[in-house]
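Residues per chain, in single letters:
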Amino acid sequence: MRPFPLLRKLGIAALVVLALAVSSSLAARVFAAGTAIVFVARAHLATPDDIFQDEVGPAGQFGSGLPKFAPGSKLMLRQDDGSLQTLVDGANPSAATGNLIDVQAPDVSFDGTKILFAGATTVDPRSAQYGWRLYEIGVNGSGFRKLPIPDRTFTSVPNNNAQGFDWGNAETYTWWNDLFPAYLADGRIVFASTRYPSRSHYDARHDYNLYIVNGDGSNLHRITTERGGLLHPTPLPNGQILFSRWWNNFNQPSSKGVYNRIDNRDTDRTLNDGTLIYANPDEQFNPAKGRLPDNFEIRDAPNAWHLHAVNPDGTDFHRFAFTPYAPWAREEDSGGDTYTAAQPALVFNNGTMYIAFTSQQDGTMVHSTQKTGIRVARPGADMLYANIGDAIAGLSYDKAWGQGKESPPYAIHPAGMPDGKILFSYTTGGDSALPTTGAYNDRVTGRRFDLQGSNLQYKLYTMNLDGSAKTELAANVGTADAMDAKVIAARTGWNAKSDSFTTNSNDDPREWNVPGDLLPNQYGWSQKTSANIQTATLHNPNIYANPPLALPFINNSPLPGSVTTAEVWIDANQFTGAFCYDYPGNPEPCDSFKEDVQVRAVKYTTVPVSARGGFTAQVPADVPAFVVLRGADGRAVDGWNRGYISIAQGNAYARPGQTVTCIGCHFGHFSGSILDPNEATAGWTNVAPYAKATASSEKNPDDQYQPFDPSRVNDRRGFVPIPAGGPPNPAEDDPSNQNFQDTETGWISVEQTDDNANGEWVQLKWTDPVKVKAIRLIGPPPTNGDWGGFGKGPQTTPYHITGGTLQMWLNGTQVGGSPLSVGQVEALADGGTQITLNQPTVLDRLRFTVNATAGYWHWETVAALNEIEVIGMDGDASPDGTVPTATPSHTPTVTRTPTVTNTPTITNTPTVTSTPDPCAGVKPKAPQLLAPAQDAKIKTLQVQLDWSDSNCAKKYKITVRLDSETGAVVIKKRRSASNYLTTPLTKNKKYAWQIVACNKNLCTASAWGRFKTSKNAQ
């Protein structure tokens, strides 16, 4: 068998990255010998966060830690014998070390002789010296210098409001931070900075973008243009740069425009285009939420932390590792806090590269730097399933949500070690001897600042890749927190990437590539016009493209033929005002004031979308932008399974002169690996998900919970094998299922009394015709499979459909030479069974009829199918000629292509047992609802449901309804464990819930439980 291919696909911010396996020889050369460590003894007391005043976690890590200062911090070395040396003493600042009072984020040069870090000389924002800057020092303490990086060349920002008031712009935007520096293999330096004056939508944090500079301070230039945070850059062996991306954009497509937090009100309101915006008075943080005029609920605005990579010239911006926040987020990515990955670190272990990263169990990664845990991921979209493992150190998801506890231990800031272990900072519990309050008189201005801290102290630890063997590295730093540790060691064999795009973009807003003549109200202050802006090209050959079945993401592409235009929206900062103060006795200018982070994006252009889903647009280069898809009526396209309505809700950008090609691109700047890019470019994709599935019969059709209905055959889910080299699925408790990355059930017919399933059928019907060139039928696993039942019967025959017919119709007339004879239907692990048509055929209905089966499902003869894949396009579309159609022949080609995986080979002779199933015909006992308590008031939006185990139950069916037992269904799930953490619910709402325990065909329901979410639930 062969592995599922994972082929490259470019995107707005999208390129599927192959899992990076590093040879043993390279892994050995990644680090030379050396066990000395550089770290920061971060002073325990720090200035409060400017937004989250009660945050007392360690300063300078991510989110709320970034604006904080901890005066008295030290840059230190720990030798392999445990001895300590201070390189920079912020408690005793001196001119020899730049009068630094605070330090953070050290990085070690590739030859292991120098240390790059960020430092600060003042905590006072009124000082001209305010902000983090970059410094370098030798490992031996010599050669201290401030990097000679030029300051910003502009000194003011626009005041773009009709009243002409400054409204906080000068105070807000004229200072900046340079943070998280890292050496590249060619001697250049990458760092994160707020030099580009812009703020995020979420809580008005300054936006961090990536900059490149030579070691001598020359050729400083910005390589990204984001409205969020690009933090913690670190080089990859291939020359790219890995970093954590805080990704948020609160612009949402309304029916005919866009809306933002400016549309929030205390009560519901309807926009002119009919979009209903729900009441949402918390404007500072929460995005506006709503539904379209057809009652389609609009997906939440994105606000998540991802691991991304980019070339040093800013091109090839893509998600590098997929790190769902929890097991449920693998398939229920709401767009909110479903990915929480920061501080990535490379760990080389047994010839493979892993990424250790920091996650946070409150889900936000912004409000605090506590409640942290360290997790491990592998690169590539095909490893998404493998990256849902819980924290290996610190606060775990299981503890925070399963047990309802958020107490320490916490773990933060991992780093790889030469022996494949992880170095990190760790706190195990409170210490009442630690100071929690204090004060600092600023050395530069003399002003007094209050300081605060927690009763937790962070120390240095190491651990194995699986979290075992946690060992403290003794370092006597008093009450300070030992943070930001890195091994001092040389790295050899790493690649450097030269720049293909060398245009340097200006940070001065007046030089941004926004055309002031086209957009005079929003960007009239810009000195650029439509005649002289620098542009890039955005090309999407097929917006309808779906990922292959080998990557079981939620179907997330619009219905072929539904989109006629693509709109490009610009979301560069508009500088309408950062804040407003009312003055007694004066008119009230703040009554209608809205911060510039609340204004709506601006439409730049509209381009046509071809029948096969292609469009090309010229866009302003290095400007945050996103794309909205519209139908023939000018309204936002909606209604597919995942349901959001723009290509890239998170802002993206393109470099001047660059052509960014993106096939599909709906899954967070990523539409999954396209199995055949040429085929997708020609307009072909899997159109099965857009059909209505019906069947001749289904098992337990009157049971609303039963999981074997025909809709399972076109949901792009099923028993998907793990990729070659992939680890067992951490979400599966059943050992027989751990070699599958996804185990959704398929369609199963009613039990047959005559020991054959002849005549049973399943059908797909499209509202509008589709043009089809190939059909692939996917059977269930021959053994185990759905509920572990296939291959279990009076004989030991593995289950297969061994024969059937395929019929196709258009307007009631059979087409495509049907009926077509089909032989044995194989499982996805064996490639499935593909039927290639003589030529592309337009049809609106497809039916597969079973003629013969072999084997059993739990001693029953049934017809069973896991998935139908239909490669097609809209019926009115035509391939563009880059992919030839199949050569006509007298009979369609039917193939079964084996697929290689590392899963054990399924045996054709399952173990024979003559012992009847003790639960056969026995109803499970009704589950008892344990938590939440009846009529409980819940303070979290995700609610932990718990119930008693039930004898003879193989699965539990979970239903949560709004308001009452007969209310709208908000959650309908199936799982084998007797607990479930809900997806985020709505504040201040009542819910009813019930659990049904089932075995193969008998179910017993619990009583109904009730609970309510509080109005302040988080």
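Quick notes on the rules
- Residues numbered from 1 in each chain as written.
- Predicted model: local features only at pLDDT ≥ 70, side-chain atom pairs only at ≥ 80, totals over all residues.
- Heavy atoms only, no water.
- Helix = DSSP H or I, 4+ residues; strand = E, 2+ residues; numbered from the N terminus.
- Contact = heavy atoms within 4.5 Å.
- Areas by Shrake-Rupley, 256 points an atom, 1.4 Å probe, with all protein chains shown as cover.
- Core = buried A, V, L, I, M, F, W, Y, C linked by side-chain atoms within 4.5 Å.
- Buried < 20%, exposed > 50% of the residue type's maximum accessible area, 1.4 Å probe, protein only.
- Salt bridge = Lys/Arg side-chain N within 4 Å of Asp/Glu carboxyl O.
- Pairing = 2+ DSSP bridges.
- Axes fitted to C-alpha atoms, helices over the stretch in contact; angles between N-to-C directions.
- Phe/Tyr/Trp six-rings, centres within 6.5 Å; stacked < 30°, edge-to-face > 60°.
- pLDDT = per-residue confidence, 0-100.
- Disulfide = S-S within 2.5 Å.

### Overview of the overall build of the protein
Each helix and strand counted, the protein has 5 helices and 59 strands in total. In the protein, once contacts between residues fewer than 6 apart in sequence are set aside, the share between residues at least 24 apart is 71%. Accessible surface, the protein: about 36000 Å² in total, of which carbon and sulfur atoms supply 47%.

### Things to note about the nonpolar core
Within the largest apolar cluster, 95 residues are counted, with the highest numbers of intra-cluster contacts made by Leu210, Trp305, Val310, Leu346, Tyr523 and Ala572. Aside from chain neighbours lying at most four places away, what touches Val310 is Leu210, Ile223, Gln240, Ile241, Phe243, Thr315, Asp316, Phe317 and Tyr653. Grouped together as the second largest cluster of nonpolar side chains are 44 residues, Val713, Trp787, Tyr799 and Leu843 included.

### Some points on the pattern of salt bridges
Under the definition given, this model contains 31 salt bridges. Glu567 is paired through a salt bridge with Arg630; the nearest N and O atoms lie 2.9 Å apart. Highlighted residues: Glu567 in strand β33 (residues 565-570) and Arg630 in strand β36 (residues 625-630), separated in sequence by 63 residues. This pair shows no difference in class: Glu567 is buried, exactly as Arg630 is. By sharing partners, the salt bridges in this structure join Asp49, Asp50, Asp203 and Arg205 into a single network.

### A few points about the pairing of strand β49 (residues 867-874)
A regular strand carries its side chains on alternate faces of the sheet. Most of β49 sits out of view: 8 of its 8 residues are buried. One ladder, built from 8 bridges, connects strand β43 (residues 761-778) with β49; its direction is antiparallel. Across the sheet, residue Ile778 finds its bridge partner in β49, namely Glu867.

### A word on the environment of Gly823
Note that Gly823 resides in the loop between β46 (820-822) and β47 (833-854). A relative accessible area of 25% means that Gly823 is categorised as partly exposed. Note: C-alpha distance between Gly823 and Thr833 (10 residues apart in sequence) is 8.3 Å.

### Details of the sheet that holds strand β3 (residues 84-89)
Spatially, 4 strands are ordered β3-β2-β1-β31 in an open sheet, and the strand pairing comes out antiparallel. A strand with exactly one partner marks an edge of an open sheet, and here the two such strands are β3 and β31 (481-487). When the angles between neighbouring strand axes are averaged without regard to direction, this sheet yields 25°. Judged from the 5 bridges that link them, strand β1 (residues 37-42) and strand β2 (residues 74-78) form a sheet pairing that is antiparallel. From the neighbouring strand, Phe39 faces β2, where its bridge partner is Met76.

### So, the packing of aromatic side chains
Taken as a whole and judged by the stated rule, the model has 34 aromatic pairs. Between Phe191 and Tyr211, the aromatic rings sit 5.7 Å apart at their centres with planes inclined by 20°, giving stacked as the arrangement. Taken as a pair, Phe191 in strand β9 (residues 189-193) and Tyr211 in strand β10 (residues 209-213) lie far apart in primary sequence, 20 residues in all. Arranged with centres 4.7 Å apart and planes meeting at 25°, the rings of Tyr196 and Trp512 form a pair that is stacked. With Tyr196 in the loop between β9 and β10 and Trp512 in the loop between β31 and α4 (520-523), this residue pair connects regions lying 316 residues apart in the sequence.

### Some details on the sheet that holds strand β30 (residues 471-472)
Spatially, β25-β26-β29-β30 is the arrangement adopted by the 4 strands of the open sheet, whose pairing is antiparallel. Strands at the two margins of the open sheet, each flanked by one partner only, are β25 (410-416) and β30. Direction of pairing for β25 relative to strand β26 (residues 422-427): antiparallel, over a ladder of 5 bridges. Within β26, the position partnered with Tyr410 by the bridge is Thr427.

### Side note on the confidence of the model for the protein
Averaged over all residues, the pLDDT of the protein equals 87, while 89% of them reach at least 70. Overall, residues 1-34 carries pLDDT values under 50, and its contacts beyond four positions in sequence, including any with other chains, amount to 125 contacts. Note on residues 881-916: pLDDT under 50 across the span, and 76 contacts to partners over four residues away in sequence or across chains.

### Some words on the pairing of strand β5 (residues 114-120)
In terms of residue burial, β5 counts as a mostly covered element, since 6 of its 7 residues are buried. When strand β4 (residues 102-108) meets β5, the two strands line up antiparallel, connected through 5 bridges. Considered in β5, the bridge of Val103 is made with Gly119. As consecutive antiparallel partners, β4 and β5 are separated by 5 residues, and within that stretch Gly112 has a phi angle of approximately 75°, a positive value. Here β5 runs beside strand β6 (residues 133-138); their pairing, made up of 6 bridges, is antiparallel. Pairing of Ala118 across the sheet is with Leu134, part of β6.

### Here we look at the state of the cysteines
Disulfide: a covalent bond connecting the sulfur atoms of a pair of cysteines. As enumerated under the stated definition, the model contains 1 disulfide in all. Across the disulfide from Cys998 sits Cys1003; the S-S distance is 2.1 Å. Residues Cys998 and Cys1003 share a disulfide whose torsion about the S-S bond is about 115°; that sign makes it right-handed. Using a relative accessible area of 18% as the deciding quantity, one classes Cys1003 as buried.

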